[in-house]
Amino acid sequence: MASVSVDEAMRRAIELAGRGLGATSPNPVVGCVLLDADGEVVGEGFHAYAGGPHAEIVALAQAGTRARGGTAVVTLEPCDHTGRTGPCSHALIAAGVSRVVIAVPDPNPVASGGAATLRAAGVQVALGVRTQEAEAGNVAWLTSMRRGWPYVIWKYAATLDGRSAAADGTSMWITSEAARIDVHALRGTVDAVLAGVGTVLTDDPRLTARNLRDGTLAIRQPLRVVVDSSGRTPADARVRDGAARTWIATAAEVGAGPDGRVDLAALLAELHHRGVRAALLEGGPTLAGAFLAAGMVDRIVGYVAPKLLGAGPAALLGAGVSTIADAIDLEITDVTRVGPDLRITALPRKREG
């Protein structure tokens, strides 16, 4: 096999890391490629599930004795603590790896320190190869760890004129089956799905990740969170059906903001404490508006159907915008056709001041 460059190996490690999306939380996604002393790939690995072997351990097992004197190329700084598995920094040292190339330092104070441990053992350490790409692939976990609350994605479906339902309240289905399948795939990548109690009372959603064609549930289900300030979720609501874990988050339990409703900052802090690193905000134009007004939305994924209703509920309400100068500016990062619909992905721009 021909030798490869460290840059090429990091690109492959980032690709491998992506295979763990939706399965590793509360741990990060990580990929690793091991090169022998001649630069040939002798081991590859990624972190496949929480509690399972880390990427470096998988790659070392493949490489065996050929790891000695070689280079480990890894998307995130090797962990330096003992949790459900041992420290990867020690495993790399024991295998005789002579160099470790890291894309992103670990922001978790519990697990960080691997680079220092490796250097102290005489291993060469290089940082900063394809950092931007590695950060993008691990953005939810990194963001969550750096600030102490989950990465929040607001997902909505609307007609071309911005309506989430018709004037008579009907909303099944605004978007196509292809778009709805795409949404269930998105649910499968997050740790929690949030909806307001108004949506639960109106639509009685299940908020599970499933195969729409046969109704089967995905193996891993996100936590279902109903933001319900006064505890109005019915006992027979489908979110209580046992198909997935459910938390009815009330103001009495979480804490109330000045408006008497659930304090959103406290809600996100509690979700982070519960191991939620990425949350999908679904259902409820008022709840979405409150999150946006508070600057707590990191990404927006809108499914826009080629339909016009002319009247009916808007997809967004009360986002703290009263004049055009207050509009929430977005950076559109992707536009993809999904069946007859468009999926538009955008990032809110940070407001000045």
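Note that the structure is predicted; figures quoted are calculated from it, not measured. (Residues numbered from 1 in each chain as written. Predicted model: local features only at pLDDT ≥ 70, side-chain atom pairs only at ≥ 80, totals over all residues. Heavy atoms only, no water.)

Peer 1: Teacher, can you tell me more about the nonpolar core here?
Peer 2: The nonpolar side chains of a soluble globular protein tend to be buried, and buried together. Of all hydrophobic cores here, the largest spans 36 residues; its most connected members are Met10, Leu34, Val73, Leu92, Val97 and Val100. Of all the elements in the fold, those that place two or more residues in this core are helix H1 (6–17), strand S1 (31–35), helix H2 (55–63), strand S3 (71–76), strand S4 (99–104), helix H4 (114–120) and helix H6 (139–147). Tallying contributions element by element places H1 first for this core, with six residues. The contact partners of Leu34, leaving out residues within four places of it in the chain, are Glu40, Val41, Val42, Gly43, Ala59, Leu60, Ala63, Ala67, Thr71, Ala72 and Val97. Listed in part, the 27 residues of the second largest apolar core include Val152, Val227, Ala251 and Leu268. (Core = buried A, V, L, I, M, F, W, Y, C linked by side-chain atoms within 4.5 Å. Buried < 20%, exposed > 50% of the residue type's maximum accessible area, 1.4 Å probe, protein only. Helix = DSSP H or I, 4+ residues; strand = E, 2+ residues; numbered from the N terminus. Contact = heavy atoms within 4.5 Å.)

Peer 1: What exactly am I supposed to notice about helix H10 (residues 264–273) here?
Peer 2: The periodicity of an α-helix, 3.6 residues per turn, causes residues three or four places apart in sequence to face the same way. The set of residues buried in H10 consists of Leu264, Leu267, Leu268, Leu271 and His272. Each buried residue of H10 sits inside an arc of 135 degrees when the element is viewed along its axis, so together they form one side. At the N-terminal boundary of H10, the capping side chain belongs to Asp263, with an oxygen 3.0 Å from the backbone nitrogen of Ala265. Phi for Gly275, located one or two positions after H10, is positive at around 95 degrees. (Arc of directions from axis to C-beta. Polar contact = N/O pair within 3.5 Å; in protein donor to acceptor, adjacent residues only side chain to side chain.)

Peer 1: What's the story with the pairing of strand S10 (residues 278–281) in this structure? I'm lost.
Peer 2: The side chains of a regular strand alternate, first on one face of the sheet and then on the other. Judged by which residues are buried, S10 turns out to be covered on both faces: Ala278 and Leu280 on one side and Ala279 and Leu281 on the other are all buried. As paired strands, strand S6 (residues 151–159) and S10 are joined by four bridges and run parallel to one another. Its bridge partner lying in S10, Val152 is registered against Ala279. Judged from the three bridges that link them, strand S7 (residues 192–196) and S10 form a sheet pairing that is parallel. Bridge assignment links Val193 to a residue of S10, and that residue is Leu280. (Pairing = 2+ DSSP bridges.)

Peer 1: Got a minute to help me understand the UniProt feature "active site" (unreviewed entry) in the protein chain in this structure?
Peer 2: According to UniProt, the feature "active site" (unreviewed entry) maps to Glu56 in the numbering used here. Along the chain, Glu56 falls in helix H2. Taking relative accessible area as the criterion, Glu56 reaches 4% and is therefore assigned buried. Ignoring anything within four residues of it in the chain, the contact list for Glu56 reads Val30, Cys32, Val74, Leu76, Pro78, Cys88 and Leu92. (UniProt positions renumbered as here; feature names shortened; annotations may be inferred.)

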